[in-house]
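Survey of secondary and tertiary structure
Here is how the chains run, residue by residue.
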Amino acid sequence: MAASQTSMNLQALLHYDREHLWHPYASMTDPLPVYPVQSASGVRIRLMDGRELIDGMASWWSVIHGYSHPVLVQALQEQAGRMAHVMFGGLTHAPAVELAKLLVEMTPAGLDKVFLCDSGSVAVEVAMKMAIQYQHASGHPERSRFLTLCGGYHGDTFHAMSVCDPVGGMHHLYSTVLPQYFFADRPQCRFSDPWDSRDIDSFARLIEEHRQELCAVILEPIVQGAGGMRFYHPEYLRQVRALCDQSQVLLIADEIATGFGRSGELFACNHADISPDIMCLGKALTGGMMTLAAVLCTDQVATTISTGSPGVFMHGPTFMANPLACQVACASIGLLLESDWQQKVHHIGQLLEQGLRPCREFAGVQDVRVLGAIGVVEMKEPVAMREIQAAFVERGVWVRPFGRLVYVMPPYCMDEDDLHSLTTAIVEVVAREGRP
Ligand SMILES: *Cc1c(COP(=O)(O)O)cnc(C)c1O
């Protein structure tokens, strides 16, 4: 009786979902199947039909400590009891101040001022607005355009879309309404290859040609995420920093995916020992419990904006610095910094490297690469989503490929056995792909 009721409810839920709910990048008339989740804890997602999946995605980079971590749950509950939200205009609170302190201390030197907002895409909008206001306040209103890299991804809102990869990016249909910016060739030199000095040529040429109209460069440091899951050479980033300085163009580092240890350093900029002028954080900021993002900038950027006209930074979302999210972010950063995260990330990287190695032999596979706790199998052809998704679920793992990319970024707490199950499932599933 109870079981049949559950399955009735399950069917009804799935039916209503299919009829009424948009999912990310989804069709309303021919949707791919979705799997109803009952709960999640540690590295496991429990489906409503009772099956359990080992989570390889950390819910898109964010759940670094695993689901339902008791410390985060407690932080959330305690803060909910004190105050779930209060406006940030004219008021402040300890969760926001403590979070700002943690972020200023842990991020690369010079990033001193913190703007707290709701999501990654909004953080990118805020960063771009800061760059425009900075140049305006510096007496250069004509410097209002952006230079970025092919193969990048910065979010789904309009200005964020304008700096996503113009071809492979998912936004070309909007190209007529988006501002047209400058795209340097995507870095070719891989993270651990010897540096090839020609790699920077395209970028160097564009910044030289357009310096008078550029306000900032925006890029994902070291790891290009949703635009292709590629890892490029730290020297590229160092040279970008130097060229920005020479041209008086700001550097915005979008660390929304890479922040908080994922690439093997706390921030990907650390691989190159550089500090950007503006840095965007999101995703793992709250350990995946709430949506929250942060934009940090230097004192120079903040002071210039604040002493120019109109003398204020023109942005202020309703839920800015939401106390629940800030308190959970503080707790998540605390967990991270008191753990041996670097060792864990390194170990996951080694196991991904070993576990995914057999994929290199398959005819359908273009490349296998690992950096930090990120593992990528790049196929030669786009995967068949419907089939591949089901094949992973059948094997008890949650992996969500896109395009030609089968990739994982597990929670840092995943143990060897679960990592083994995860990589074994990928090897088995990828072996089937590309077969006639
Ligand atoms: C996910 C992501 C964003 C967008 O963040 P949302 O929270 O999805 O709006 C921006 N930049 C990078 C590098 C990302 O990975």
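Structure: above.
Residues numbered from 1 in each chain as written. Predicted model: local features only at pLDDT ≥ 70, side-chain atom pairs only at ≥ 80, totals over all residues. Heavy atoms only, no water.

Pairing between the strands of a sheet is mediated by backbone hydrogen bonds and can be parallel or antiparallel. Overall, mixed pairing links the seven strands, which are arranged β4-β12-β11-β10-β7-β5-β6 in an open sheet. With one partner strand each, in any of the chains shown, β4 (111-117) and β6 (182-184) form the two edges of the open sheet. Neighbour-to-neighbour, the strand axes of this sheet turn through a mean angle of 20°, independent of strand direction. The strands touched by helix α4 (residues 94-106) are β4, β11 (278-281) and β12 (293-298); relative to β4, the strand with the most contacts, the crossing angle is about 135°. (Pairing = 2+ DSSP bridges. Helix = DSSP H or I, 4+ residues; strand = E, 2+ residues; numbered from the N terminus. Axes fitted to C-alpha atoms, helices over the stretch in contact; angles between N-to-C directions. Contact = heavy atoms within 4.5 Å.)

Position of His93 relative to the elements: it lies in the loop between α3 (70-82) and α4. Overall, His93 belongs to the buried group, its relative accessible area being 6%. Looking at His93, its side chain comes within polar contact range of the main-chain oxygen of Ala321, at 3.0 Å. (Buried < 20%, exposed > 50% of the residue type's maximum accessible area, 1.4 Å probe, protein only. Polar contact = N/O pair within 3.5 Å; in protein donor to acceptor, adjacent residues only side chain to side chain.)

The subject of this paragraph is helix α11 (residues 341-356). For α11, spanning 16 residues, the distance from its first C-alpha to its last is 22 Å, which sits close to the expected 22 Å at 1.5 Å a residue. Those residues of α11 lying buried are Trp341, Val345, Ile348, Gly349, Leu351, Leu352, Gly355 and Leu356. Residues of α11 that are buried make contact with α10 (323-338), β13 (365-371), β14 (374-379), β16 (405-408) and α13 (416-432). (Expected span 1.5 Å × (residues − 1).)

A cluster of nonpolar side chains, namely Phe158, Leu173, Tyr174 and Val177, defines an oily patch on the protein surface of about 430 Å² accessible area. Within the secondary structure, Val177 is located in the loop between α6 (158-162) and β6. (Patch = residues over 30% accessible without salt bridge, like charges linked within 9 Å, V, L, I, M, F, W, Y side chains within 5 Å. Areas by Shrake-Rupley, 256 points an atom, 1.4 Å probe, with all protein chains shown as cover. Salt bridge = Lys/Arg side-chain N within 4 Å of Asp/Glu carboxyl O.)

This part takes up the site of the ligand. As a structural note, the neighbourhood of the ligand is formed by Ser119, Gly120, Ser121, Tyr153, His154, Gly155, Glu220, Asp254, Ile256, Ala257 and Lys283. Ser121 is positioned such that a nitrogen or oxygen atom in its side chain is 2.6 Å from an oxygen atom of the ligand. Within the side chain of Lys283, a nitrogen or oxygen atom sits 2.6 Å from an oxygen atom of the ligand. The protein chains hide 82% of the 380 Å² of surface that the ligand would expose on its own. (Near = heavy atom within 4 Å.)

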